[in-house]
Amino acid sequence: MKLSIALPALLLGGLMALSANSQNVVNGTVSEEKTKEILPGVSVLIKGTTKGVPTNLDGEYSLELTDEEFRNDTLVFRFVGYKTFEIPVKARNSINALLAPDEKL
């Protein structure tokens, strides 16, 4: 009898631990500011880290964040020939970016 009570309690505890470390997904598309053309290969990073992903051939990215990152961190978009763009996540699941050409180059 005690085993039949302990097993569900153990499973519930495990599920609660997983939800405490849940992942949040932020995704979006990166395009050129004026032409709105997609930009494949843009680096999308969490500011101050090396955690990130490149955009795919359709200019899309998807990045898993911890709860802390999801609430408090900033995404940094970098691409050769374009100005760096930064935007706070602020618990948003969708963030699209428009990159402006860097006129200094």
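Look up: the structure comes first, before these words.
Heads up: these notes are all about the structure in this document.

The rules behind each value
- Residues numbered from 1 in each chain as written.
- Predicted model: local features only at pLDDT ≥ 70, side-chain atom pairs only at ≥ 80, totals over all residues.
- Heavy atoms only, no water.
- Pairing = 2+ DSSP bridges.
- Helix = DSSP H or I, 4+ residues; strand = E, 2+ residues; numbered from the N terminus.
- Axes fitted to C-alpha atoms, helices over the stretch in contact; angles between N-to-C directions.
- Phe/Tyr/Trp six-rings, centres within 6.5 Å; stacked < 30°, edge-to-face > 60°.
- Salt bridge = Lys/Arg side-chain N within 4 Å of Asp/Glu carboxyl O.
- Buried < 20%, exposed > 50% of the residue type's maximum accessible area, 1.4 Å probe, protein only.
- Core = buried A, V, L, I, M, F, W, Y, C linked by side-chain atoms within 4.5 Å.
- Contact = heavy atoms within 4.5 Å.

## Description of the sheet that holds strand β1 (residues 23–32)
Link 1 in the chain: On the basis of which strands lie adjacent, the open sheet formed by 3 strands has the order β4-β1-β7 and mixed pairing. The open sheet has two edge strands, β4 (60–66) and β7 (97–99), and neither has a second partner. Direction aside, the axes of adjacent strands within the sheet are offset by 30° on average.
Link 2 in the chain: As paired elements, β1 and β4 share 7 bridges and run antiparallel to each other. Bridging from a neighbouring strand, valine 26 pairs with leucine 63 of β4.

## Structural notes on the packing of aromatic side chains
Link 1 in the chain: Using the criterion set out here, one finds 3 aromatic pairs in the structure.
Link 2 in the chain: Geometrically, the ring pair formed by phenylalanine 77 and phenylalanine 85 is tilted, given 5.9 Å between the ring centres and 45° between the ring planes.
Link 3 in the chain: A centroid spacing of 5.6 Å and a plane angle of 35° characterise the contact between phenylalanine 79 and tyrosine 82, whose relative ring orientation is tilted.

## Topic: the pattern of salt bridges
Link 1 in the chain: Counted according to the given criterion, the structure contains 3 salt bridges.
Link 2 in the chain: Linking arginine 71 and glutamate 68 is a salt bridge whose minimum nitrogen-to-oxygen distance equals 3.4 Å. Here arginine 71 and its partner glutamate 68 are both found in helix α2 (residues 67–72), 3 residues apart, which amounts to about one turn of the helix.
Link 3 in the chain: Judged by its relative accessible area of 45%, glutamate 68 is partly exposed.

## What about the environment of leucine 65?
Link 1 in the chain: By the element assignment, leucine 65 lies in strand β4.
Link 2 in the chain: On a C-alpha basis, the gap between leucine 65 and alanine 91 in space is 9.9 Å, while along the polypeptide they are 26 residues apart.

## What to know about the pairing of strand β6 (residues 85–88)
Along any regular strand the residues' side chains alternate between the sheet's two faces.
Link 1 in the chain: Relative to β6, strand β5 (residues 74–78) runs antiparallel, the two sharing 4 bridges. Its bridge partner being in β6, leucine 75 is matched across the sheet by isoleucine 87.
Link 2 in the chain: Hairpin connection from β5 to β6: 6 residues lie between these consecutive antiparallel strands, with glycine 81 at a positive phi of about 90°.

## Here's the deal with the sheet that holds β6
Link 1 in the chain: Pairing is antiparallel across the open sheet formed by 4 strands, whose spatial order is β3-β2-β5-β6. Only two strands of the sheet have a single partner each, and these edge strands are β3 (52–54) and β6. Neighbour-to-neighbour, the strand axes of this sheet turn through a mean angle of 15°, independent of strand direction.

## Focus: the nonpolar core
Burial of nonpolar side chains together is a common tendency in soluble globular proteins.
Link 1 in the chain: Val26, Val30, Tyr61, Leu75, Phe77 and Ile95 are the most contacted members of the largest nonpolar core, which has 18 residues in total.
Link 2 in the chain: For this core, the elements supplying multiple residues, two or more each, are β1, β2 (43–46), β4, β5 and β7.
Link 3 in the chain: In terms of residue count, the dominant contributor to this core is β4 (3 residues).
Link 4 in the chain: When sequence neighbours within four positions are dropped, the list of residues in contact with phenylalanine 77 reads Val30, Val42, Ser43, Val44, Tyr61, Lys83, Thr84, Phe85, Ile87, Ile95, Ala97 and Leu99.

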